[in-house]
Amino acid sequence: MADRIYIVHGPQGARLVKAGMRQQALSHVANSTFNIRVASQDDLVQALTAGMKIEQYRAPEQVELIESVAS
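Analysis parameters
- Residues numbered from 1 in each chain as written.
- Predicted model: local features only at pLDDT ≥ 70, side-chain atom pairs only at ≥ 80, totals over all residues.
- Heavy atoms only, no water.
- Helix = DSSP H or I, 4+ residues; strand = E, 2+ residues; numbered from the N terminus.
- Buried < 20%, exposed > 50% of the residue type's maximum accessible area, 1.4 Å probe, protein only.
- Contact = heavy atoms within 4.5 Å.
- Areas by Shrake-Rupley, 256 points an atom, 1.4 Å probe, with all protein chains shown as cover.
- Core = buried A, V, L, I, M, F, W, Y, C linked by side-chain atoms within 4.5 Å.
- Pairing = 2+ DSSP bridges.
- Salt bridge = Lys/Arg side-chain N within 4 Å of Asp/Glu carboxyl O.
- Polar contact = N/O pair within 3.5 Å; in protein donor to acceptor, adjacent residues only side chain to side chain.

## What about the overall build of the protein?
Stage number 1. A tally of regular secondary structure across the protein gives 3 helices and 2 strands.
Stage number 2. The N-to-C order of helical and strand elements in the protein reads β-β-α-α-α.
Stage number 3. Counting only residues that meet the buried cut, the protein has 13% of its 71 residues in that class.
Stage number 4. Long-range contacts, defined as pairs at least 24 residues apart, comprise 25% of the intrachain contacts of the protein with a sequence gap of at least 6.
Stage number 5. Carbon and sulfur atoms make up 58% of the accessible area of the protein, which amounts to about 6,600 Å² in all.

Spelled out as structure tokens, the structure:
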């Protein structure tokens, strides 16, 4: 698959990323913007006590398949 240049809009503005798939471009930006780790028990107690809700992961639509067919 050939690389494309994607524009990724985020909290700090737009970034151009050359990648093979849109998910790779998004991951590239997310990895330099966010920190992630497994929540500790203390993290959970503190967050839930403060009223934070637990979100359930939902897979994004598979737009890449549509983009590949349209090219």
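## A short note on the nonpolar core
Stage number 1. Tyr6, Val8, Val17, Ala19, Ala25 and Val29 form the largest nonpolar core, which has 6 residues in total.
Stage number 2. Every element with two or more residues in this core is listed here: strand S1 (4-10), strand S2 (13-19) and helix H1 (22-33).
Stage number 3. Not counting residues within four places of it along the chain, the set of residues in contact with valine 17 comprises Arg4, Ile5, Tyr6, Val8, Ala25, His28 and Val29.

## Brief notes about the pairing of S2
Stage number 1. By the bridge criterion, 7 bridges tie S1 to S2 in an arrangement that is antiparallel. The residue bridging valine 8 from the neighbouring strand is arginine 15, located in S2.
Stage number 2. Count of turn residues in the S1/S2 antiparallel hairpin: 2 residues.

## What about the pattern of salt bridges?
Stage number 1. Here the structure, examined in full by the defined rule, presents 1 salt bridge.
Stage number 2. Measuring nitrogen to oxygen at the nearest pair gives 2.6 Å for the salt bridge that ties aspartate 43 to arginine 37.

## Things to note about the environment of aspartate 3
Stage number 1. As for its position among the elements, aspartate 3 is in the segment before S1.
Stage number 2. Separated by 18 residues in sequence, aspartate 3 and methionine 21 have C-alpha atoms that sit 7.4 Å apart.
Stage number 3. Among all residues touching aspartate 3, those that are not within four sequence positions of it are Lys18, Ala19 and Gly20.
Stage number 4. There is a polar contact of 3.3 Å between the side chain of aspartate 3 and the backbone nitrogen of glycine 20.

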